[in-house]
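# Tertiary structure, described
Take a look at the letters that make up each chain.
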Amino acid sequence: MIPIDTIQSTAETLMDKAAIEIPQDYLDGLRATAAVEDGDLSSFVLQAMLENYEAAKEDRRAMCGDTGCPRWYVKMGNDARIEGGPVALEHALRLATANATNGVPLRPNRVHPLWRTDHNNNVGINAPEIEYGYEPGENGAQANWIDLTTVHKGGLFGTDYRMLFPSDGIEGIRRFFLDSLVAFGKRGLACQPAIIGIGLGGSKDTCMVLGKRAACLRTVGDRNPDPKIAAIEEEFKELGNSIGMGAMGFVGKSMVIDCHIEVGYCHTGGMQMSVHAFCLSSRRAVARIHADGRVEYRTDPDWFTPYQRRETVGWLDQLEAAE
Amino acid sequence: MAPPKIRLSTTPTPEALAALKLGDIVYLDGLMYTAREGVYMRALEEKANIPMELPQQSAANFHCSPAASINSDGSFTMGAVTATASFRFAKWIGEWFEKSGAKLIVGKGGMSPETYKQHFVPNGAIYLTTVGYGTGALLGRGVENVEAVHWSEELGHAQAMWVLKCTNMGPFIVASDLQGNCLFERENAKIAPGLAKAYEGTRPATLKRYGETDDRTDELI
């Protein structure tokens, strides 16, 4: 049984870490980008951001004043049992979000869409989002743990969806990718350079979910296990950085820190596509909580496992097919 | 080559503003207040009295809501400070200049060249953009203290009018000058000639969207 108190205290720590500590993979990616950026203003912006990450950690202050929309990804091992059940878990995550908003502090961004009511704690109707995944134990072992991931994704800009068709092909995908970067890259509305996540296929809603998870739940340098998709990820990273635009939309070449693509089987006549930008403050923090109360912190959500990407009816069929 | 860095008062003289060039890096000293859609609607549409002496106390309007909390004893904890995108406030800015006498509009990403020409130039005002975005921790360090928070009950923390005492707060980039020249427009023009090359090997989508044609009698296939 995973203790509920541990879940809440861990969740509060995660809110703090996500807001303050830039993940190492993104930092390494930004440093590599800064090293080759030769636009004067764009370079200045990247150097200022690198100083900002240091200032955030030194002061234990949020790296960005815009908290974005804090959200939760919960992955449960197949054998995990939570004290109080899923309802207690959701209560703990909502409470942690509210407490951290005042504790760190974070900006209370979440308001009612029509009445603009602000509870000053980032909690409200359908907020924060809590999404779930499940994972089998490895090699028949028990999986008696849960992974909590919080992502504070910013952004009113940088995300778009479009229904493409098989006849649009890779040329159409390329066009919509560029359109999204150019449209939201001007004046730096997308807060680039960013981790660009692309969802392909599924239905409209799953396409959006896959693209967002591709941006937020995979680390810089990670590649899709399908070698042909991995090649497109590489191509698009290079393509995005060859537009001639850099940070804040100034002349430069720093648009894309990395590009991640996730796919889902879709209607035979369609090819849904979504584009998402995880910004200069790519805030994510992860912890695994074990049944004995041990907590391990990390920054890689490790969300897209072979099980999450399975394509056969059962999981065992897939394992056998791979052998 | 690194751009020059300049200290500027939040009640700047016309001479100090005239000396600023597009792309200069600026650090601010003095009082700055936050005002965005909530404050604009309350002050301009609901005609509420602005709870500050403007522009004597401050001529710097920040499009921002800080990551800060109001403690139970009435004190404030200031965290990070980042701006929000300013183009959305164009419809209020002319009237706000009249009412506030602002000389510095500070925010994210600038405003349109038309807004500069129509409203900034006649009021002798310029635009400063935050950097990044955003350098929330660096700007947070530049806030010496919170002088007051107005209208937090009416508008919520995020839309309230925060009065910040700034010391060497920055960096900001000069995005418009007294002539109404626009930094982002200049950069867009430099980038534009290369776009066609980036778009080689692409094709327009089979299914169009309204917006790509503005004629609603058109089909989109």
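Everything here concerns the structure above.
Conventions used here
Residues numbered from 1 in each chain as written. Chains lettered and ligands numbered in written order. Predicted model: local features only at pLDDT ≥ 70, side-chain atom pairs only at ≥ 80, totals over all residues. Heavy atoms only, no water. Helix = DSSP H or I, 4+ residues; strand = E, 2+ residues; numbered from the N terminus. Contact = heavy atoms within 4.5 Å. Areas by Shrake-Rupley, 256 points an atom, 1.4 Å probe, with all protein chains shown as cover. Lys, Arg positive; Asp, Glu negative; His and termini not counted. Charge placed at Lys NZ, Arg CZ, Asp CG, Glu CD. Buried area = accessible area lost by both parts, 1.4 Å probe. Salt bridge = Lys/Arg side-chain N within 4 Å of Asp/Glu carboxyl O. Polar contact = N/O pair within 3.5 Å; in protein donor to acceptor, adjacent residues only side chain to side chain. Nonpolar A, V, L, I, M, F, W, Y, C, P; charged D, E, K, R; others polar. Pairing = 2+ DSSP bridges. Axes fitted to C-alpha atoms, helices over the stretch in contact; angles between N-to-C directions. Buried < 20%, exposed > 50% of the residue type's maximum accessible area, 1.4 Å probe, protein only. Parallel < 35°, antiparallel > 145°, perpendicular 65-115°, else oblique. Left-handed = near helix turned anticlockwise from the far one by under 90°.

A tally of helices and strands in chain B yields seven helices and nine strands. Sequence-distant contacts in chain B: of pairs separated by 6 or more residues, those separated by 24 or more amount to 66%. Here chain B has roughly 9,200 Å² of accessible surface; of this, 51% comes from carbon and sulfur atoms. In chain B, 21 side chains carry a positive charge and 24 a negative one; their mean positions are 6 Å apart.

Listed by partner, the interface residues are 58 residues for chain A and 65 residues for chain B. Both sides of the chain A and chain B interface together cover about 5,000 Å² of buried area, and 59% of this is carbon and sulfur. The three residues of chain A that bury the most area against chain B are Phe44, Arg162 and Arg187 of chain A, which together make up 15% of that side's buried surface. Notably, a salt bridge pairs Arg141 of chain B with Glu58 of chain A, separated by 2.8 Å at the nearest N-O pair. Our count for the chain A to chain B interface comes out at 30 residue pairs in polar contact (both at pLDDT 80 or more). For the side of chain A that touches chain B, the elements supplying multiple residues, two or more each, are α3 (40-59), β4 (160-164) and α5 (169-185) of chain A. If you tally residues by element for the side of chain A that touches chain B, the top one is α3 of chain A, at 12 residues. Residue classes in the side of chain A that touches chain B are distributed as 30 nonpolar, 11 polar and 17 charged.

All names here are of chain A. If you walk across this open sheet you meet the four strands as β4-β7-β5-β6, and the pairing is mixed. Each end of this open sheet is capped by a strand with a single partner; those strands are β4 and β6 (256-264). Strand-to-strand twist in this sheet, taken as the mean axis angle between neighbours without regard to direction, amounts to 15°. Relative to strand β7 (residues 271-278), β4 is paired through five bridges, and the arrangement is antiparallel. Note on β7: the bridge partner recorded for Arg162 is Met273. Its contacts with the sheet place helix α7 (residues 227-240) against β5 (194-201) and β6, and it is angled at close to 145° to β6.

All names here are of chain A. Along the chain, Tyr132 falls in strand β2 (residues 130-135). Overall, Tyr132 belongs to the partly exposed group, its relative accessible area being 27%. Sequence separation of Tyr132 and Val182 is 50 residues, and the distance between their C-alpha atoms is 33 Å. Residues contacting Tyr132, with those up to four places away along its chain left out, are Val74, Leu89, Glu90, Arg213 and Trp303. A polar contact is formed between the side chain of Tyr132 and the side chain of Glu90, at a distance of 2.4 Å.

For the rest of this paragraph, the subject is the sheet that holds strand β3 (residues 145-153) of chain A. Pairing between the strands of a sheet is mediated by backbone hydrogen bonds and can be parallel or antiparallel. Residues and elements named next belong to chain A. Here we have five strands laid out as an open sheet, ordered β2-β1-β3-β8-β9, and mixed in their pairing. Only two strands of the sheet have a single partner each, and these edge strands are β2 and β9 (295-298). Taking each pair of neighbouring strands and ignoring which way they run, the sheet shows an average axis angle of 20°. Packed on one face of the sheet, helix α4 (residues 85-103) meets β1 (69-77), β2 and β3 and runs near 150° to β1.

So, about the packing of α5 of chain A against α7 of chain A. All names here are of chain A. Taken N-terminus to C-terminus, the directions of α5 and α7 make an angle of 40°; their axes are 11 Å apart at the nearest point. Here α7 runs oblique to α5, going by the angle between their axes. In the crossing of α5 with α7, the sense of the turn from one axis to the other is right-handed. Contacts between α5 and α7 involve Ile170, Ile173, Arg174, Phe177, Leu178 and Leu181 on the former and, on the latter, Ile232, Glu235, Phe236, Leu239 and Gly240. In the contact of α5 with α7, the residues fall into eight nonpolar, one polar and two charged.

Such coordinate-based values are descriptive only and should not be taken to indicate function.
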